[in-house]
Amino acid sequence: MIKVEHIVKKFNDLKAVNDVSLEIKKGEIVCLIGPSGSGKSTVLRCINGLEKPEEGSIYIDHELYDENDKDKYNQLRSKMGFVFQHFHLFPHMSVLKNLTLAQIQVKKRSEEDAEKIACQYLERVGLLDKKDEYPNKLSGGQKQRVAIARSLCMNPEIMLFDEPTSALDPEMVIEVLEVMQELAKEGMTMVVVTHEMGFARTVGDRVIFLEDGRIVEENDSETFFSHPKTERAKEFLRKVMH
Amino acid sequence: MFSAFHKIFTPENMLYLAKGALISLGIAGLSLLIGLVFGVLGASAKISRSKILRLLGNIYVEVIRGTPMLLQIMIIFNVLPIMVTHITGQVFRLNYYVVGVIAMSINSGAYTTELIRSGINGVDKGQWEACETLGMSRWQTMKLVILPQAFKRIVPPVVSEFITLIKDSSLISCIGAVELMTSAKVLGNQYYEFMSPYCLAAVFYLIMTLSISYIAKRLERKLAVSD
């Protein structure tokens, strides 16, 4: 479903992503893990198009994801939903408006249809009662669930999560992970940049471990966590699985 | 010092000053509105992807902010009619008030350009990215997400700009426009005493500026609902 071929992304002279290739199949849940600055978020942002790699190619459903072909690019991008670490809800709009805005503007749905769909997803993330609140009245966990619902309203086939629980208080993490777990059960293709090793192990199908912009190790979750191959992955796991 | 105060402080004279104050307020208000249009255009130029537009935006802001408003008024009052007369071959004169509004709009536009630009830049970059991932166009993002948030940030400085314009409208008294400052001067000449009419003019200026500050504070509180 997603194929990344030899992408390189530089920030000034620093290669944040250095010759990364990977493939994600339909329905698969792939977790990108690694130390800070390893390039995992940049890979995810390249997949969505938020960062433009200097080298390499990305294919979505076997089609080249190329910004120069605007129509194709927009059509392929609409297959992906993106959830940010800091939610990025629209602070001047109610929760409901946050969910209906892009539906009306991009999907050209009527306000009535958009609200109906928004309410369905808000119910799924357990926040229908908050639909008239402004984001500033929500907890971090609630904001992230709204952000997930906002993405789902656009009917993506792939969900990209960029450290969705890193900005949350510890007790808020579980409510977000539960929503993600539900999505996984429903067969959503997911790429998750995370520090939640428990989630990566139990929910993830595959783990890609990165360091210094390169893939160091790639394996199915169980094998990666029980029998990591590389010394670097072993050391990383020793430090985070305390 | 206030020898003629009892003669000046009459309903007729107060009405005369109030009329002058209304003209000052009208000129300042109109200049602010037109200046905001210039400001939106200037800010759009300054944040555009085109180098030429960015350069033009910068020249506009720097030239206007770097020269006194009185000089700008004088140039428009003296030079513009000569230029138009030269081009069209017909004698062209500009009304004092029109000169005032043109000069103050151009001047205010330069300041609001910077206010709007910094308001837009002050909105979290993540808001652009969120819209991008949702498939919204740059224009949709600007109109529906960025500008409404920038607007809240620029309300207080735009109010300050309005207050500045009300005070600066006194500058057009130099070209003969009869606004509050000139009205006070006329009363002073009439009664050979200037302290009383100038102090009364100050009271009128204060009534206008303080009222605007009060309205702005209420507006800010209303806009702060989502903060």
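The sections below set out a description of the structure shown in this document. (Residues numbered from 1 in each chain as written. Chains lettered and ligands numbered in written order. Predicted model: local features only at pLDDT ≥ 70, side-chain atom pairs only at ≥ 80, totals over all residues. Heavy atoms only, no water.)

Counting secondary structure elements, chain A contains nine helices and 10 strands. Taken over the C-alpha trace, chain A has a radius of gyration of 18 Å; the compact-globule value for 242 residues is 18 Å, and the two agree within 12%. Reported as C-alpha extents along the three principal axes, the dimensions of chain A are approximately 55 × 45 × 35 Å. Considering chain A as a whole, with its 242 residues, one finds that 54% of them fall into the buried category. Nonlocal contacts in chain A, meaning residues at least 24 apart in sequence, comprise 63% of its contacts between residues at least 6 apart. (Helix = DSSP H or I, 4+ residues; strand = E, 2+ residues; numbered from the N terminus. Rg over C-alpha atoms; globule rule 2.2 N^0.38 Å. Buried < 20%, exposed > 50% of the residue type's maximum accessible area, 1.4 Å probe, protein only. Contact = heavy atoms within 4.5 Å.)

This brings us to the interface of chain B and chain A. In this complex, chain B contributes 19 residues to the contact, which on the side of chain A involves 24 residues. Here chain B meets chain A over a buried area of about 1800 Å², counting both sides, of which 60% is carbon and sulfur. At the junction of chain B and chain A, the tally comes to two salt bridges. Here chain B and chain A share six residue pairs in polar contact (both at pLDDT 80 or more) between them. Going through the elements one at a time, helix H6 (125-133) and helix H7 (138-168) of chain B are the ones with two or more residues in the side of chain B that touches chain A. Here the side of chain B that touches chain A gets seven residues from one element, more than from any other, and that element is H6(B). Of the residues belonging to the side of chain B that touches chain A, the class tally is eight nonpolar, seven polar and four charged. (Buried area = accessible area lost by both parts, 1.4 Å probe. Salt bridge = Lys/Arg side-chain N within 4 Å of Asp/Glu carboxyl O. Polar contact = N/O pair within 3.5 Å; in protein donor to acceptor, adjacent residues only side chain to side chain. Nonpolar A, V, L, I, M, F, W, Y, C, P; charged D, E, K, R; others polar.)

On to helix H6 (residues 170-185) of chain A. Because each turn of an α-helix spans 3.6 residues, side chains separated by three or four positions end up pointing in the same direction. Residue and element names in this part refer to chain A. Under the 1.5 Å per step criterion, the end-to-end length of H6 is 24 Å for 16 residues, consistent within 8% with the ideal 22 Å. Listed in full, the buried residues belonging to H6 are Met-172, Val-173, Glu-175, Val-176, Leu-177, Val-179, Met-180, Leu-183 and Ala-184. Tucked into the core, H6 has its buried residues touching strand E3 (29-33), helix H4 (111-124), helix H5 (140-152), strand E7 (158-162), strand E8 (189-193) and helix H7 (197-202). The positive-phi residue at the C-terminal boundary of H6 is Gly-187, with phi of around 95°. (Expected span 1.5 Å × (residues − 1).)

Residue and element names in this part refer to chain A. Tracing the sequence through the fold places Pro-53 in the loop between helix H1 (40-48) and strand E4 (55-60). Taking the C-alpha atoms as reference points, Pro-53 and Leu-177, 124 residues apart in sequence, are found 30 Å from one another. In contact with Pro-53, other than residues within four places in its own chain, are Ile-7, Val-8, Lys-9, Cys-46 and Ile-58.

Residue and element names in this part refer to chain A. Across the sheet, which stays open at both edges, the six strands sit in the order E6-E7-E8-E3-E9-E10 with mixed pairing between neighbours. The open sheet has two edge strands, strand E6 (80-83) and strand E10 (214-220), and neither has a second partner. Within the sheet, the average angular offset between the axes of one strand and its neighbour, ignoring direction, is 15°. The sheet contact formed by E3 and strand E9 (residues 206-211) spans four bridges and is parallel. Of the residues in E9, the one forming a bridge with Val-30 is Arg-206. Contacting E3, E6, E7, E8 and E9, H1 runs over the sheet at an angle of about 145° to E7. (Pairing = 2+ DSSP bridges. Axes fitted to C-alpha atoms, helices over the stretch in contact; angles between N-to-C directions.)

Residue and element names in this part refer to chain B. Following the sequence through the fold, Tyr-16 ends up in helix H2 (residues 11-46). With relative accessibility at 29%, the residue Tyr-16 sits in the partly exposed group. Here the alpha-carbon distance between Tyr-16 and Ala-224, two residues 208 residues apart in the chain, equals 39 Å.

All names here are of chain A. Across the five residues of E8, five count as buried, placing the element largely inside the fold. Alternating positions in E8 separate into two faces, Thr-189, Val-191 and Val-193 on one and Met-190 and Val-192 on the other, with burial throughout. One ladder, built from four bridges, connects E3 with E8; its direction is parallel. What sits directly across from Val-30, in E8, is Val-191. The pairing of E7 with E8 spans five bridges and is classified as parallel. Bridged to Leu-160 within E8 is Val-191.

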